[in-house]
Amino acid sequence: MRSSDVLTADVAVVGAGPAGLAAAAEAAAAGLDVVVVDCGARPGGQYWRHGPDTAGPGPGTHGRGTYSRLRADTARHGVRLVSGHQVWRADRRDDGFVLRLRPAHDVTPDTAVASVGSRRLIVCTGGYDRQLPVPGWDLPGVMAAGGAQALLKEHGTVAGRRVVVAGTGPFLAAVAAGLAGAGARVVAVCEANAPVRGWLRRPVAALSEPAKAVEALRYAALLTRHRIPYRTRTAVTRVHGEDRVRAVDLSALDHDGRPREGTRVTVPADLVALGWGFTPSLDLLLTLGARTRLDADGSLVVRVDDGQRTTVPGLYAAGETTGVAGATQAVREGRLSGLAVAADLSRAGSAGGGAGPGRPGEAGPGTAADTDAALRARRARRLRAGARRGRRFAEALHAACPVPAGWTSWLEEDTVVCRCEEVPFGAVRHAVRELGAEDPRTVKMLARPGMGMCQGRVCGFATALITRDLTGRPSTAEALAAFGKRPFAAPVTLAELAASDDHPAPGTGPEA
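Rules used throughout
Residues numbered from 1 in each chain as written. Predicted model: local features only at pLDDT ≥ 70, side-chain atom pairs only at ≥ 80, totals over all residues. Heavy atoms only, no water. Salt bridge = Lys/Arg side-chain N within 4 Å of Asp/Glu carboxyl O. Helix = DSSP H or I, 4+ residues; strand = E, 2+ residues; numbered from the N terminus. Buried < 20%, exposed > 50% of the residue type's maximum accessible area, 1.4 Å probe, protein only. Contact = heavy atoms within 4.5 Å. Axes fitted to C-alpha atoms, helices over the stretch in contact; angles between N-to-C directions. Nonpolar A, V, L, I, M, F, W, Y, C, P; charged D, E, K, R; others polar. Pairing = 2+ DSSP bridges. pLDDT = per-residue confidence, 0-100. Phe/Tyr/Trp six-rings, centres within 6.5 Å; stacked < 30°, edge-to-face > 60°. Parallel < 35°, antiparallel > 145°, perpendicular 65-115°, else oblique. Left-handed = near helix turned anticlockwise from the far one by under 90°.

### Some thoughts on the pattern of salt bridges
Logical step 1: Taken as a whole and assessed by the stated rule, the structure comprises 25 salt bridges.
Logical step 2: Across the pair arginine 379 and glutamate 26 runs a salt bridge, and its minimum N-O distance is 2.1 Å. One end of the pair, arginine 379, is in helix α10 (residues 368–400); the other, glutamate 26, is in helix α1 (residues 18–29), and 353 residues separate them in sequence.
Logical step 3: Across the pair aspartate 243 and arginine 246 runs a salt bridge, and its minimum N-O distance is 3.0 Å.
Logical step 4: What makes aspartate 243 exposed here is its relative accessible area of 52%.
Logical step 5: Its relative accessible area of 47% is what places arginine 246 among the partly exposed residues.

Here it is in structure tokens:
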């Protein structure tokens, strides 16, 4: 077996976005051997997506300076980056964890990595666009808001010339501003809520992150400059077209999110970018048995303590997996997880007489290693204070921009809920009212939403909410977990599956 087939390290980090890079930088700075695995061809994740002709995040991307510093820190401390690989499974062993990998991009056999073994594991897998079905949303020309932005950032491609951006949250303004700046005509930004009113109900939390207010003003100025109408309490309630999008219906919403009679207008469009927030990517964490909870926005997130430790020993999580709160918060949590891993391994090394970060097993009281540990503990306290502020801000944001309670009133019998299996709303309703389904898992078994290619990543949240509304039972973490637990986190061939049993546990590979 080639040495490139198997890597071993003190710490493995999954994800090279803001949280993952920050976690790797802190753990490596403490003297730990760190490997970062990411499916992208280049680091940065979805947030710091590289442009077509840039060596880093494209112009206009927030936090480019932070990205540059983290990349410099990871390079200086010898972090190994395994790009272009998907983690399709994670297994827990007595001495750590094993990640099973497969190439996601053009990776030569000489550089392919089959598995990574580590003593500790930090999962920073981010999230993806949350979608709610609407009549006609399965037409070509309807995209996730993040998908439209990704095409623009990475490839310089504008997916349409006459655009409607709709959903809820500040991300809509960022997408609209980017598309307008690239030459598209943004007909309208449709925000389903009245965010300013929501923020005014929580002024302290709203002001806890001043940089966010500055960012919001910047986007407001960009929308004004491009003369883009910003419509609050408005939603796309139908998409028209046969071969592709031709127009959309815009409807004013009441306080419950139901369309108000007599307000519908039809607007020509060839691109509809929909975004209802983000869904954390928990595949690996759920596979490993980490406990979860419902976050303020109704998302399923993993439980962590103030050091980003999950309920599974040796397993840490940071960023959107612990609750959607933005890149600044993800960097804080990533740094916290890296510091926690260093502290935990240091204590483990001292208890066992071994050498942890900075070789504490070889150093006595008052040494440089003790001073470094004290400095890291002080940094962790400051980061925890910042993370608490970030969570308060995120909770206020979710309260100001929730999924409208009455959104299911937009649906019709033939509205597709699960696009992979072509399951309409009527089939979901039949499963509940005629077949007796009382929870999303039973709906999934009877009507097949979530059984297709994406395994519920797109339709899982919506199906859980539809089931809640039809049954009158509140959503629970267990209900959403029914769409989140998957045996494999990425598609894998039978040959790769059969070969996976040959890989050694941490500490037994050729680099051990």
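Here the narrative resumes, following the displayed structure.
### Considering helix α14 (residues 477–484)
Logical step 1: Burial analysis of α14 places 7 of its 8 residues in the buried class, the great majority of the element.
Logical step 2: When we look at burial in α14, the residues that qualify are Ala477, Ala479, Leu480, Ala481, Ala482, Phe483 and Gly484.
Logical step 3: Structurally, α14 contributes buried residues whose contacts are with α8 (283–287), β17 (292–294), β18 (300–302), α12 (440–447) and α13 (460–471).

### What about the packing of α12 against α14?
Logical step 1: Viewed as axis vectors pointing N to C, α12 and α14 meet at an angle of 35°, and their least axial separation amounts to 8 Å. Contact residues: Pro440, Arg441 and Lys444 in α12; Ala479, Ala482 and Phe483 in α14.
Logical step 2: Class assignment of the residues belonging to the contact of α12 with α14 gives a composition of 4 nonpolar, no polar and 2 charged.

### Some thoughts on the pairing of strand β4 (residues 85–93)
Logical step 1: Examined bridge by bridge, β4 and strand β5 (residues 96–103) share 8 bridges and lie antiparallel to one another. Bridging from a neighbouring strand, alanine 90 pairs with leucine 99 of β5.
Logical step 2: The turn joining β4 and β5, which pair antiparallel and follow one another in sequence, is formed by 2 residues.

### Structural notes on the confidence of the model for the chain
Logical step 1: Across the chain, the average pLDDT comes to 89, with 92% of residues at 70 or higher.
Logical step 2: Contacts from residues 359–364, a stretch scored under 50 in pLDDT, to residues over four places away or in other chains number 8 contacts.
Logical step 3: A low-confidence stretch, residues 503–512 stays under pLDDT 50, and its non-local contacts, those more than four residues away or across chains, total 30 contacts.

### Considerations on the side chain of threonine 292
Logical step 1: Among the structural elements, threonine 292 can be located in strand β17.
Logical step 2: Accessibility expressed as a relative area gives 17% for threonine 292, which makes it buried.
Logical step 3: Beyond its immediate chain neighbours, meaning those up to four positions away, threonine 292 contacts Leu286, Leu300, Val301, Val302, Arg303 and Ala477.

### What to know about the sheet that holds strand β11 (residues 230–232)
Logical step 1: With parallel pairing, the 5 strands of this open sheet are ordered in space as β8-β15-β9-β10-β11. The outermost strands of the open sheet, each flanked by one partner alone, are β8 (142–144) and β11. The mean inter-strand angle of the sheet, taken between neighbouring strand axes irrespective of direction, is 20°.
Logical step 2: Strand contacts of helix α4 (residues 171–181): β9 (162–167), β10 (185–191) and β15 (271–275), with the helix running at about 175° to β10, the strand carrying the most contacts.

### Thoughts on the packing of aromatic side chains
Logical step 1: Considering all chains together, one arrives at 6 aromatic pairs under this definition.
Logical step 2: Aromatic pair tryptophan 88 and phenylalanine 488: ring centres 5.5 Å apart, planes at 70°, arrangement edge-to-face. On the criterion of sequence distance, the pair formed by tryptophan 88 in strand β4 and phenylalanine 488 in the loop between α14 and α15 (494–499) is long-range, its members being 400 residues apart.
Logical step 3: With relative accessibility at 3%, the residue tryptophan 88 sits in the buried group.
Logical step 4: Accessibility expressed as a relative area gives 29% for phenylalanine 488, which makes it partly exposed.
Logical step 5: Ring centres 5.8 Å apart and planes at 45° place the aromatic pair tryptophan 276 and tryptophan 410 in the tilted group.

### As for the sheet that holds strand β12 (residues 234–240)
Logical step 1: Judged by pairing direction, the sheet is antiparallel, and its 3 strands sit side by side in the order β12-β13-β14 without closing on themselves. The sheet is open, and its two borders are formed by β12 and β14 (265–268), each paired with just one other strand. Averaged over all pairs of adjacent strands, the angle between strand axes in this sheet comes to 30°, irrespective of strand direction.
Logical step 2: Where β12 meets strand β13 (residues 247–252), 6 bridges bridge the pair, whose relative direction is antiparallel.

### Considering the packing of helix α11 (residues 425–433) against α13
Logical step 1: Packing of α11 against α13 leaves a shortest axis separation of 10 Å and a crossing angle of 45°. Here α13 runs oblique to α11, going by the angle between their axes. Seen from above, α11 lies across α13 with right-handed handedness. Only Ile466, Leu470 and Thr471 of α13 make contact with α11, whose side of the interface consists of Phe425, Val428, Arg429, Val432 and Arg433.
Logical step 2: Residue composition of the contact of α11 with α13, grouped by class: 5 nonpolar, 1 polar and 2 charged.

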